[in-house]
Amino acid sequence: MTTAAYAYSTADLADAAALVCFGCQPRLRPLGIPRYRDLLQRYRLDGPFRGAADAVADGLELDVIEAHQVEGLILHPREGTWLSYRLKDHPKLGVKDRLVLGLAHVAIAARAYPTPADLEEESVKRTSLTEVDDFLRRLTDRLREAAVDADGLAVPHDELQAAWKVYAKLPPSRPTATGRLSESSTQRVIKEALDWLVEQGMAYRADELGVGHYRLAHRFRVQVREAAASAAFTVLCDLRRAHLAEED
Amino acid sequence: MTERNVSLGSTGCAEDDIDSMVQALLDREERRLLASAPAVPDGIDEWRALVAEPGFTRRNSVLARGAPLHRIDQRKAWQRFPRDLYCPRTLGLAALEAVVSQQEMESEATTEEVVQFLASLAASAAPERDASEHLAVARFVLRELLNDAQDGEEFDISYSDYREGHSRVTLSLRMLEEGFGRRGQAVLRATTPAINLLLSGLEHDLEDVQAAKDVMLRRQVSTRRWGHAEESAAESLKLSLMYCQRVRAVLEETERDVRAVDWSQDVPELLKVSREHLCERQRVERELMEWMREVRNDVDDAEVRRTCERILRLLGRAHLRHMQLLEKVIDARPAFLRSQAEQRFRPPPRLALVGVQDDVLEPVLRLGVEDAEAVASLFADAAGGPVVPHRPRLRDWWASLLAPAREARETFPDEEIELIADDPGELGLYGDEDVAVARALLTEALRAPVRLSQLLEQALVHGVEAADLLAISVLRAFAPDPEDDEEEGTADELADLLEEHLVVLDDGAVFDLGTFTGSDLLLVPAQSLIPDPTYAEDDLEVLV
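First things first, this report covers the structure right here in the doc. (Residues numbered from 1 in each chain as written. Chains lettered and ligands numbered in written order. Predicted model: local features only at pLDDT ≥ 70, side-chain atom pairs only at ≥ 80, totals over all residues. Heavy atoms only, no water.)

What follows covers the sheet that holds strand E5 (residues 213-216) of chain A. The strands making up a sheet associate through hydrogen bonds between their backbones, and the pairing can be parallel or antiparallel. Residue and element names in this part refer to chain A. Here we have three strands laid out as an open sheet, ordered E3-E5-E4, and antiparallel in their pairing. Two strands in the sheet have a free side with no partner beyond their single neighbour: strand E3 (125-128) and strand E4 (203-205). The sheet shows a mean angle of 30° between the axes of neighbouring strands, direction not considered. Sheet topology places E3 next to E5; four bridges connect them, and they run antiparallel. The partner of Ser 128 across the bridge, within E5, is His 213. In this fold helix H8 (residues 186-199) packs onto E3, E4 and E5, with an angle of close to 45° to the strand it touches most, E5. (Pairing = 2+ DSSP bridges. Helix = DSSP H or I, 4+ residues; strand = E, 2+ residues; numbered from the N terminus. Axes fitted to C-alpha atoms, helices over the stretch in contact; angles between N-to-C directions. Contact = heavy atoms within 4.5 Å.)

Okay, here's the thing in structure tokens:
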């Protein structure tokens, strides 16, 4: 880029920043906000403007994932940057709490989009607390069944406590005196995860389908596809490589 | 070996004498035969081999699974009930029986019903004891079964496994689960280990047990052991229910993701087996029902007839269950084809895409806690999108400073303790007289500005409570507690005066009356700040 002349007017830059600003508020819907809708349209059609908006996002340490007509500008904060959220920073959660909450997130995604093809397909998925919990419990049951030897007896436990045991140990749902879910149950943790997604504009409550039902928005699928799944997969591969190196 | 030798040696010489006498009496052939047998049987090693057998370990593990029931009367808290009156094992087993009998049906057993039932059992065990104790026993047993002490986690049960050297095996299992029923009520459900423990005490293959039950039922009916016949009809239904659940889970999974189950071999096999099983069951149940009907028509005894009716109803119920399952099984292949068409014949995904279930969730579940936590929370963080940190606004600052640290997660404590004062004296801290005194003094204060210390001095003449009430009311008017909004207290009875007609100010003065010390607040009538005197006069009259 030459230093002699700026290609963008200040108004363009303000517009680009405004679009990124809209994108930082994931619950805003462009169809309800004319300025957002116009900026989004401009982003989709106007190459130089897109460059400016991308640059603004880049400066804010954000990646633009998609500009969706209905969902708006979908942004992903780079890991550890100022707009990212980390469960680790949560003062109240211990390792196991974080594990169960993290598993709930993965399970919600895995339940809705089990295969890579599901991540490509634009569709609204429905899910519920019991469905996600049952899904995870089926997986843990399968692992429990696999943990027996030829005689059909439980194998002696090794030192490593597997993640699935932590989940399987917790009760699925325990009503309290007031008829809500108790703190220790896994469905309560799944509810926490889904409510967080609602707050982040990734899911909607679907109370008309019954208590504890949700709809997962397109935004969630894109976020999982472009950011979460690959990030987790990369770390998994690193871990596996490290384990293999240890064994050698 | 050594132990044996020592014990032989210690028996004294009398035996040695007999031994030599016997030796003398035997002929050579007999002596040779005796010598060829191992002199001292290798007892300990032989016994070890028995213990190392899988059968032993299996029995051992079955025994261990009953531990949660056995543990109950060793709890310290159980000791408060009189000894040898109630049997917690029986009550626990009874609770399981009650829950299983209603499981999967339209009206599942609710927690209250089971508590009632257990309390009635406790009452017949000890009719002379108090009803509240029966209820306490029932609750205690149920809470133990639910493992309430550990927030409903699974029981950890360890036993020793001697198959290869020695190792400790830890099993995790749950007996009962609390959940939400179809109408949102709290219901109890028994887990599979609990049902297996309750029905047979051993882990059999389901189909085998079913066949065994049928044989048993036929025998029982033919030998006219009516009670037993009914029992096994009921158990046959329970087993059918378990079987239904297993097949249904597989079918559901197929509808979601075709790859999750193996449709080339496993599922067709399963469907074939379950179709055969179901047809077989239906045939057997039809036959049994016909057989039972004949038996019913032949007997004259009204009691036996009623039992027959009950058995027939149970069989009918099982028949219905199998019909429903069969419908699902028959529809399974078209459902599979539909799902396959939907799931498989789509444009291929991009190469680099990650399958969330296969590539992330399942490997993560197998990892150790630490590693899994790192991956799972990374996923959760990345799935959340941008979170703009919010700065508090100045007008929220005051309340957010005063408010106790807020937990970001919605917490519902497992035990919700209701804070209700037992002692009636605690209910109203201040008597009507105190309120009247405080009200009179505050009404006085409407005429001219007055200091808190002056009011308190006057109130102390009437008593400490009145002064206390006055001080609290004034303090609350000066600095309302934002958390305290809904609380209804006696002090609030004075709020109408303090909120609307008096202004409380702090000019920095302090006072010390012994009982009360602190900022000497100034109470200024609001009317003096309002220019219209007539309005204030009217107001005052109304008040007085």
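After that view of the structure, there is still more to cover.
All names here are of chain B. Strand order in the open sheet formed by three strands is E5-E9-E6, with antiparallel pairing between adjacent strands. With one partner strand each, in any of the chains shown, strand E5 (450-451) and strand E6 (502-505) form the two edges of the open sheet. As defined by bridge partners, E5 adjoins strand E9 (residues 522-525) across two bridges and the pair is classed as antiparallel. Counted as the bridge partner of Val 450 is Leu 523 from E9.

To continue, consider the side chain of B:Glu362. With respect to the helices and strands, B:Glu362 occurs in helix H15 (residues 356-366). One buried charge, B:Glu362, has no salt-bridge partner; the nearest side chain with opposite charge is A:Arg142, at 4.4 Å. In this structure B:Glu362 touches A:Leu139, A:Arg142 and B:Gln357, once residues within four positions along its chain are discounted. (Buried < 20%, exposed > 50% of the residue type's maximum accessible area, 1.4 Å probe, protein only. Lys, Arg positive; Asp, Glu negative; His and termini not counted. Salt bridge = Lys/Arg side-chain N within 4 Å of Asp/Glu carboxyl O.)

Another aspect to go through is the interface of chain A and chain B. Taken together, the contacts link 101 residues of chain A with 78 residues of chain B. In this assembly, chain A packs against chain B so that about 7900 Å² is buried in total across both faces, 61% of it on carbon and sulfur atoms. The interface formed by chain A and chain B includes three salt bridges. Close ionic contact of A:Lys169 with B:Asp156 constitutes a salt bridge, the shortest N to O distance being 2.9 Å. Applying the counting criterion to the chain A and chain B interface returns 16 residue pairs in polar contact (both at pLDDT 80 or more). Of all the secondary-structure elements, those providing two or more residues to the side of chain A that touches chain B are strand E2 (72-77), helix H4 (95-112), helix H5 (116-120), helix H6 (129-146), helix H7 (163-169), H8 and helix H9 (218-247) of chain A. Tallying contributions element by element places H9(A) first for the side of chain A that touches chain B, with 17 residues. Of the residues in the side of chain A that touches chain B, the class split is 55 nonpolar, 19 polar and 27 charged. (Buried area = accessible area lost by both parts, 1.4 Å probe. Polar contact = N/O pair within 3.5 Å; in protein donor to acceptor, adjacent residues only side chain to side chain. Nonpolar A, V, L, I, M, F, W, Y, C, P; charged D, E, K, R; others polar.)

All right, on to the packing of H6(A) against H15(B) then. Here H6(A) crosses H15(B) at 60°, and the two axes come no closer than 11 Å. Considering the angle they form, H6(A) stands oblique to H15(B). Relative to H15(B), H6(A) is oriented so that their crossing is right-handed. Mapping the contact onto sequence places A:Phe135, A:Leu136, A:Leu139, A:Arg142 and A:Leu143 in H6(A) and B:Gln357, B:Leu361, B:Glu362, B:Leu365 and B:Arg366 in H15(B). Class assignment for the residues of the contact of H6(A) with H15(B) results in six nonpolar, one polar and three charged. (Parallel < 35°, antiparallel > 145°, perpendicular 65-115°, else oblique. Left-handed = near helix turned anticlockwise from the far one by under 90°.)

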